[in-house]
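Structural description and commentary
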Amino acid sequence: MIDVQTADRELQFYIRPQTFPVAIRMLRGGEEIPEKARRPARDFKKLSMNCQVIDMARRYGWMIALTREDHICSLGIAALGFEKPTHLHNSGTLCEGMYTETKAAGQRSEAAVDKFAPGEYATLLVAPLDRTTFEPHLVCIYANPAQVMRLTQAALWKRGGKLTSSFGGRIDCSEIIVTTMRTDQPQVILPCSGDRIFGQTQDHEMAFTIPWGQMEEMIEGLKGTHAGGIRYPITQFMEYEAKLPPKYMEANRLWEVEHGRAQFTNRDRVVAAYRRSFTDRVPVYPIVASFAGTLDGLSIEEYCTNVPKAITAMMNYYERYQPDVVLAYNDLAKEAEAFGCRVKYSDYVVPSIDQHVLHDDKTKLARLPMPDPEKTARLPGFLEQCAALVRAKPPAAIGAVAVGPWTIAMLLRNPETMLLDTFEDPQFIHDLMRVSTDFCKLWGDAIVKTGIGLSFSEPTASISLISPDNYRELVAPYHKELVDHFKAKKVGVTTHICGTTYPIYEDLIRCGFTTVSFDLDQQADPTLHVDQLKRFVEVSKGRAVAIGNVDATKFERSSKEAMVADVRRCIDTAARHSAFILSTSCEIPPRSEPEIVKWFMDAAREYGRYERIFDGAEPATPAG
């Protein structure tokens with residue numbers, strides 16, 4: 001027969017309980033109480049209860065003998081047979097209103113409690129298993145659910161099947177002692193309210209009892225299941241590749257790139273900016289439209305009207321400069337042209353409108369047909385251009401530049417005339433904005449359907465032309481409506497506004513634009529000049545991605561030093577915050593110098609390295 005020290009050693013090895021396993025024996029009347037056993041009434045000058053003395057044994061390591069004279073709990077007294085149950089027990093009164101709704105239900109609960117016969121035993125004797133001087137009737141182990149699971153598995157090692165235990169949520173001392181001794185079977189114990197309140201059993205603890213006569217079988221079961229690979233602490237499967245937070249993985253990607261085992265695509269850099277994170281350098285692109293055509297020897301009109309040539313020209317431009325963003329973009333006149341305006345082309349400047357359909361008669365607005373993106377004027381060709389760019393799959397971010405509702409309205413009416421309307425007939429402006437906004441939704445839906453990103457250019461919404469109050473009253477509600485329309489389709493919207501815009505930055509963010517591209521401040525008085533990129537970073541606090549704002553006019557004529565200085569200004573201002581894409585203040589002129597564009601890209605790639613920005617590494621001198 002196994003001895004108590006060996007049993008305790010094996011339980012400690014295989015189960016590792018946080019408190020001592022407790023040996024429990026019920027002494028009959030006249031059976032001698034060990035001399036070293038503490039007696040609550042005598043030694044503590046306090047009465048106690050079954051759960052309390054078991055808890056003291058498992059926590060303090062004490063041997064305690066509890067007799068009727070030491071006992072205070074009427075439920076535990078009746079369960080151990082130290083007194084005959086009273087009519088309060090038998091009537092269900094002790095359950096009613098606490099554990100059961102009625103006395104009848106309480107009677108059933110009381111009847112379900114296992115009890116020793118009155119006088120069958122006289123003393124409850126408990127002690128930590130390894131210090132026990134008596135032969136236990138059973139051993140009680142308090143443990144967490146995983147440890148109880150291991151004990152259950154061990155109990156079934158030889159016999160198989162399942163253990164059967166029952167739970168009442170009250171008087172668990174009955175289940176620990178009486179049920180285990182009556183059935184001579186291990187029991188899973190759900191500690192009751194009293195055990196938790198007075199025995200101070202914790203929320204994570206359960207209990208398990210083992211009849212002493214089955215201890216050898218239990219230890220053998222622990223050894224057998226342990227050898228079979230079932231262990232405590234529970235073996236954790238570790239042969240997996242963790243899915244870590246994306247930002248952690250971005251650091252790993254940087255190392256992979258640094259060691260030449262991977263590389264960042266142009267698109268990766270842009271995506272990182274939108275995630276408010278970093279790759280190897282600041283993403284960069286110049287805003288390019290007709291310049292791509294002139295590089296291929298096309299006239300501005302050819303680039304804007306010959307779709308196949310425009311597609312080829314844009315891809316050739318991409319291959320030459322490898323910008324991180326490539327645009328489907330030809331001109332800002334095609335939308336107004338689709339409403340009936342006439343486009344004027346030049347050899348040196350971007351297309352413009354020279355006949356405004358509503359200039360002389362604003363009543364024509366009611367008769368204007370809504371352009372069909374699939375059929376009207378140059379709109380189908382632009383959709384073809386968008387789709388071709390998507391099919392080409394350049395490793396860059398790709399977007400389309402459409403015209404926003406305010407600028408369409410301006411071009412339909414004539415900017416000068418419409419500025420007068422802001423004073424003379426604001427209702428007409430709202431009517432016109434209703435039409436142009438509805439068209440922008442229709443047009444934007446067709447563009448998004450190709451799979452490309454969406455941007456609405458609003459050059460005439462500038463505070464250089466209209467007041468901040470005009471923007472808030474006449475433009476912002478329609479911008480928000482437009483952005484909300486696409487937000488519902490999970491499409492983010494970019495906007496570009498020329499000229500001075502810093503007074504409406506907060507308004508643009510409230511409209512919901514995910515990205516704002518901006519120009520240089522164009523105030524005539526130099527003393528009032530504002531660095532719009534710096535101001536946007538301060539106002540937005542990362543709520544929207546900033547795009548800008550190297551002076552686009554430098555691309556026709558500039559020194560390399562001036563270009564590098566402007567690139568550095570932008571990077572030094574915004575790059576540390578992420579949510580920034582270095583670009584130009586506006587579309588670069590169609591006749592820009594290709595070499596200056598190269599200076600811009602080279603300076604951006606070298607000076608925009610995050611290693612330099614955050615670690616202080618000096619930029620190399622660009623070659624050439």
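Keep in mind it's a predicted model, so treat the numbers as computed, not measured.

Ranked by size, the top nonpolar core spans 109 residues in total, and within it Trp-406, Leu-412, Ile-447, Tyr-471 and Leu-582 carry the most contacts. Looking at which element gives the most residues to this core, the answer is helix α20 (residues 426–448), with ten residues. By size, the runner-up hydrophobic cluster in this structure holds 32 residues, among which are Ala-65, Leu-129, Ala-143 and Ile-210.

Another aspect to go through is the packing of aromatic side chains. Geometry of an aromatic ring pair is reported as the spacing of the ring centres plus the angle between the planes. Summed over the entire model, instances satisfying the criterion amount to 18 aromatic pairs. Summarising the aromatic geometry, the rings of Phe-382 and Trp-443 are spaced 5.9 Å apart at their centres and angled 45° between planes, so their arrangement reads as tilted. Of the two residues, Phe-382 sits in helix α17 (residues 379–392) while Trp-443 sits in helix α20, which places them 61 residues apart along the sequence. Judged by its relative accessible area of 0%, Trp-443 is buried. Their ring planes at 15° and their centres at 6.3 Å tell us that Phe-439 and Trp-443 sit as a pair that is stacked. Pair noted here: Phe-439 and Trp-443 are both in helix α20, with a separation of four residues, about one helical turn. With relative accessibility at 0%, the residue Phe-439 sits in the buried group. Among the aromatic residues, those joined into a ring-pair cluster are Phe-339, Phe-382, Phe-439 and Trp-443. The ring centre of Phe-428 lies 5.4 Å from the NZ or CZ of Lys-362, which sits over that ring. Sitting above the plane of the Tyr-607 ring, Arg-612 keeps its charged end 3.7 Å from the centroid.

Moving on to the packing of α17 against α20. At their nearest, the axes of α17 and α20 sit 10 Å apart, and the two run at 35° to each other. For the pair formed by α17 and α20, the contact residues are Leu-379, Phe-382, Leu-383 and Cys-386 on the first element and Phe-439, Trp-443, Ala-446 and Ile-447 on the second.

A few words now on the environment of Ser-165. Counting through the fold element by element, Ser-165 comes out in the loop between α7 (145–155) and α8 (172–183). Distance in space between the C-alpha atoms of Ser-165 and Gly-616 is 69 Å, their sequence separation being 451 residues. Discounting residues that sit within four places of it in the chain, Ser-165 has contacts with Gln-187 and Val-188. Looking at Ser-165, its side chain comes within polar contact range of the side chain of Gln-187, at 3.5 Å. Reaching out from Ser-165, the side chain makes a polar contact with the backbone nitrogen of Val-188 at a distance of 2.9 Å.

About the thresholds
- Residues numbered from 1 in each chain as written.
- Predicted model: local features only at pLDDT ≥ 70, side-chain atom pairs only at ≥ 80, totals over all residues.
- Heavy atoms only, no water.
- Core = buried A, V, L, I, M, F, W, Y, C linked by side-chain atoms within 4.5 Å.
- Buried < 20%, exposed > 50% of the residue type's maximum accessible area, 1.4 Å probe, protein only.
- Helix = DSSP H or I, 4+ residues; strand = E, 2+ residues; numbered from the N terminus.
- Phe/Tyr/Trp six-rings, centres within 6.5 Å; stacked < 30°, edge-to-face > 60°.
- Lys NZ or Arg CZ within 6 Å of the ring centre and 35° of its normal.
- Axes fitted to C-alpha atoms, helices over the stretch in contact; angles between N-to-C directions.
- Contact = heavy atoms within 4.5 Å.
- Polar contact = N/O pair within 3.5 Å; in protein donor to acceptor, adjacent residues only side chain to side chain.

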